[in-house]
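Here is what each chain is made of, one letter per residue.
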Amino acid sequence: YKCSQFIIKIYFIRHTIKFSADVPYKLEGWKNSIVLEELQFLRRRLIDWHKMMHNIIAKKDYEKYKELHQKMYYEDGIAIYNSNFGIEDLKEVKSFIENTDFQLMPFEEEDIHVEFFANGKVARLMKSNNKPIIRLNYPSEKEEYSFVFFLQYSKESSSFEIIR
């Protein structure tokens, strides 16, 4: 079977513009953060922070969980012009944390590695199999809910902050 050649003219129009915009917000993000690789005992500090978060979830302390996420949701909401951003996410997390059918998986320090982002100013901890280290297991539904925290350390702060 031979197919004859088709020649189709396709017109291409390129239009390039350049513009400036004044946006009504300023995001701090990680501009004011230290390079985490330079932080002494970084791995130990990250593990300790995650243990604290693990305990918050174990105690079902939703208010503390929400407080630690406040900056993240505030900045994300500003960036997308939605002051209610994150409310639905927090409601979902609250239902997971308060659901007694979910089992919080034990915190294990083995096989954990640090991943860096944003020129070394943001980090997260992950298991060597790329699973998050804080997980809720729902055995009857064969379901799992994972918590991944992208952390920064602001120059003015004395602890990690959740940034994304």
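As a starting point, this report considers the structure included with it. Remember, predicted model here, so these are calculated numbers, not experimental data. (Residues numbered from 1 in each chain as written. Predicted model: local features only at pLDDT ≥ 70, side-chain atom pairs only at ≥ 80, totals over all residues. Heavy atoms only, no water.)

Following the criterion strictly, the structure yields 7 aromatic pairs and no others. Taking 5.2 Å as the distance between ring centres and 65 degrees as the angle between the ring planes, the aromatic pair formed by Phe117 and Phe150 counts as edge-to-face. Of this pair, Phe117 sits in strand β2 (residues 112-117) while Phe150 sits in the loop between β5 (143-147) and β6 (151-152), placing them 33 residues apart in sequence. We classify Phe117 as partly exposed; its relative accessible area is 33%. Where Tyr145 meets Phe147, the ring centres are 5.1 Å apart and the plane angle is 75 degrees; that geometry is what we call edge-to-face. Grouped by ring-pair contacts, the aromatic residues Trp49, Tyr65, Tyr145, Phe147 and Phe149 constitute a single cluster. (Phe/Tyr/Trp six-rings, centres within 6.5 Å; stacked < 30°, edge-to-face > 60°. Helix = DSSP H or I, 4+ residues; strand = E, 2+ residues; numbered from the N terminus. Buried < 20%, exposed > 50% of the residue type's maximum accessible area, 1.4 Å probe, protein only.)

To continue, consider the sheet that holds strand β1 (residues 103-104). Within the open sheet, the 3 strands sit side by side as β1-β4-β5. Their pairing is antiparallel. Of all strands in the sheet, those bounded by a partner on one side alone are β1 and β5. Lying on the sheet, helix α1 (residues 42-58) is in contact with β1, β4 (134-138) and β5; it crosses β4 at an angle near 30 degrees. (Pairing = 2+ DSSP bridges. Contact = heavy atoms within 4.5 Å. Axes fitted to C-alpha atoms, helices over the stretch in contact; angles between N-to-C directions.)

What follows covers unusual backbone geometry. Even without being a glycine, Phe41 presents a positive backbone phi close to 55 degrees. Note that Phe41 resides in the segment before α1.

On to the nonpolar core, then. One finds Met53, Ile57, Tyr65, Phe147, Phe149 and Phe160 to be the most contacted residues of the largest nonpolar core, which totals 33 residues. Elements with a minimum of two residues in this core: α1, α2 (62-79), α3 (87-98), β3 (122-127), β4 and β5. If near-sequence neighbours (up to four positions away) are discounted, Met53 is found in contact with Tyr65, Leu68, His69, Ile134, Phe149 and Ile162. (Core = buried A, V, L, I, M, F, W, Y, C linked by side-chain atoms within 4.5 Å.)

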